[in-house]
Number of protein chains: 2
Amino acid sequence: MNSNPATTTPTSGAGATEVAPASSPTFSPLYQQIKALITQGLESGEWKPGEIIPSEVELAARYKVSQGTVRKAIDELAADNLLVRRQGKGTFVATHNEDRVQFRFLRLLPDDGDVHPHVSRLLECKRLRAPAEIARQLDLKPADPVVLIKRLLQFDGETTVFDEIWLPGAVFRGLTAERLAEYKGPLYAMFETEFGTRMIRATEKVRAIAADPSVAELLNVAEGFPLLSVERVSYTYGDRPVEVRRGWYVTTGYYYQNDLS
Amino acid sequence: MNSNPATTTPTSGAGATEVAPASSPTFSPLYQQIKALITQGLESGEWKPGEIIPSEVELAARYKVSQGTVRKAIDELAADNLLVRRQGKGTFVATHNEDRVQFRFLRLLPDDGDVHPHVSRLLECKRLRAPAEIARQLDLKPADPVVLIKRLLQFDGETTVFDEIWLPGAVFRGLTAERLAEYKGPLYAMFETEFGTRMIRATEKVRAIAADPSVAELLNVAEGFPLLSVERVSYTYGDRPVEVRRGWYVTTGYYYQNDLS
DNA sequence: CAGTGGTCTAGACCACGTG
DNA sequence: ACGTGGTCTAGACCACTGT
């Protein structure tokens, strides 16, 4: 269990009977090791999104640690949005499917606060060789195959967002315009259920830019109109980048919401 | 200690000897009550920003609970950035002064990733009666006194940000242009040390807009130039709003950073 | 009722920082 | 050497959800 350099033998540490925290350089707490083991189970597909994972008592037995240690590991994984606790029921693998919190990755809200469902209009879905910049961001070799998706989002009938989405071709083998068109629900839900790739976190760079002619036409605004430019890189398990997304947002009647805390 | 409706008498609950969790409607965990008590101490000024608070053992004794319960309360307060734990030293009240993480509230970063210190240029600081919209956001009565600060931020010599900052006059009594000019360091550090008001969290609404003539001149850009408009409302203890800030950002060579997790 | 996560306690030992 | 927070355990009971 304990993979620290100094300790492999159970000692009398911490009132424990099975394992003991190491007492030397590069000390790693037991619960972090458990956290890594559970993450491994998620990544390997042992427990799939939406499914329940073994109870705390079971995991404690499996890993030969106390329930409290498993609890702390799960606590952190839940804080990272990898797991979801439900009292009385169990602990579940987080999913983009039934989470009513799908707005974790879409920060554009209407000024009047109402909840308008949005509609996606697919423009294009093609495969090509990665441009240098995209390859760099996706951690691919230049000219590796990638998928490029272009789409519009309409909020309440108004065309508000234009997206260019770049995905590694190797991971998204078999992704076609047809399958995209068929699928109902959020893109990330599809990626998760159809391609086994779950988006964990993302970083965004936001800028104000002037609409160029092509984008202006798509979004029904004048050339030079101020748009929000949003460059997103999304990561999956192990902090591996698996999506680069460039969005152009019309922010009249809508705003990009952010909470600093 | 326990303020639940059903329980005031110590029972034999949870292996405890002093208190017990309630067993009825509107149940509130002990550690949350402790959390509230500690927050109260912060708000009342018993422990000031930068100071150390009593050790976990001391607090446990004071509140007649176990150290583990105090620990959980402090854990959450640390997660909320109200406290800072330092192993071997103690637990401290968070401060905007010596935190090297002052970029929690300034999300504008240069494209090249370098760390350019920014310089503030005060344009104006006057007192007036709150416009209706500002009064609403600050939870004041219309025409209540407010302070309005206008300033520019220069990054590496370039004028990049224009800010209009609205503060409740009652709280910021004695805030003048002179005192602002004197003070070195972040604005929030000054608010904290000089006016006893600590900013805890904020929400921002970001939009792309065209520069109007007056702002264009201040920022050295053409009229109509795309700017990032950032509307911030900041809150202090008890989620009371104490600042409304409107910022205009030039995002050429800079971007607004956001992390979705 | 049994099983799950949630709370609480008590006590041990470890790692860190400072005398 | 001592005090601080950090980790780990063991065991009890509570709250919630299903059978």
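Under an unreviewed UniProt entry, chain A has the name GntR family transcriptional regulator and belongs to Caballeronia choica.

Draft legend 1. Quick peek at the nonpolar core. Formed by 60 residues in total, the largest nonpolar core has its most connected members in Leu175(A) and Leu175(B). Among residues more than four places away in sequence, those in contact with Leu175(B) are Cys125(B), Arg127(B), Val147(B), Ile149(B), Leu167(B), Leu180(B), Met190(B) and Phe195(B).

Draft legend 2. Structural view of the domain arrangement of chain A. Residue and element names in this part refer to chain A. Segmenting chain A into domains produces domain 1 (13–93) and domain 2 (102–256). Counting residues at the interface gives six residues for domain 1 and six residues for domain 2. Buried surface at the junction of domain 1 and domain 2, summed over both partners, amounts to about 580 Å²; 62% is from carbon and sulfur atoms. Residues glutamate 43 and arginine 240 are paired through a salt bridge, measuring 3.3 Å at the closest nitrogen-oxygen approach. Applying the counting rule to domain 1 against domain 2 returns two residue pairs in polar contact (both at pLDDT 80 or more).

Draft legend 3. Seen up close, the packing of helix H2 (residues 56–63) of chain A against helix H3 (residues 67–79) of chain A. Residue and element names in this part refer to chain A. H3 packs onto H2 with a crossing angle of 110° between their chain directions and a minimal axis gap of 8 Å. The pairing of H2 with H3 is recorded here as roughly perpendicular in orientation. Handedness of the crossing formed by H2 with H3: right-handed. Only Gln67, Val70, Arg71 and Ile74 of H3 make contact with H2, whose side of the interface consists of Glu56, Val57, Leu59 and Ala60. Classifying every residue of the contact of H2 with H3 by side-chain character gives five nonpolar, one polar and two charged.

Draft legend 4. Focus on the relation of the copies chain A and chain B. Aligned on chain B, chain A shows an RMSD of 0.0 Å; the corresponding rotation is 180° and the shift along the axis is 0.0 Å. Both chain copies can therefore be described as sitting about a two-fold axis. A symmetric contact is evident, with 100% of the interface residues of chain A recurring at the interface of chain B.

Cut-offs and rules
Residues numbered from 1 in each chain as written. Chains lettered and ligands numbered in written order. Predicted model: local features only at pLDDT ≥ 70, side-chain atom pairs only at ≥ 80, totals over all residues. Heavy atoms only, no water. Core = buried A, V, L, I, M, F, W, Y, C linked by side-chain atoms within 4.5 Å. Buried < 20%, exposed > 50% of the residue type's maximum accessible area, 1.4 Å probe, protein only. Contact = heavy atoms within 4.5 Å. Domains from an automatic or database assignment. Buried area = accessible area lost by both parts, 1.4 Å probe. Salt bridge = Lys/Arg side-chain N within 4 Å of Asp/Glu carboxyl O. Polar contact = N/O pair within 3.5 Å; in protein donor to acceptor, adjacent residues only side chain to side chain. Axes fitted to C-alpha atoms, helices over the stretch in contact; angles between N-to-C directions. Helix = DSSP H or I, 4+ residues; strand = E, 2+ residues; numbered from the N terminus. Parallel < 35°, antiparallel > 145°, perpendicular 65-115°, else oblique. Left-handed = near helix turned anticlockwise from the far one by under 90°. Nonpolar A, V, L, I, M, F, W, Y, C, P; charged D, E, K, R; others polar. Least-squares fit on C-alpha atoms with pLDDT ≥ 70 in both.

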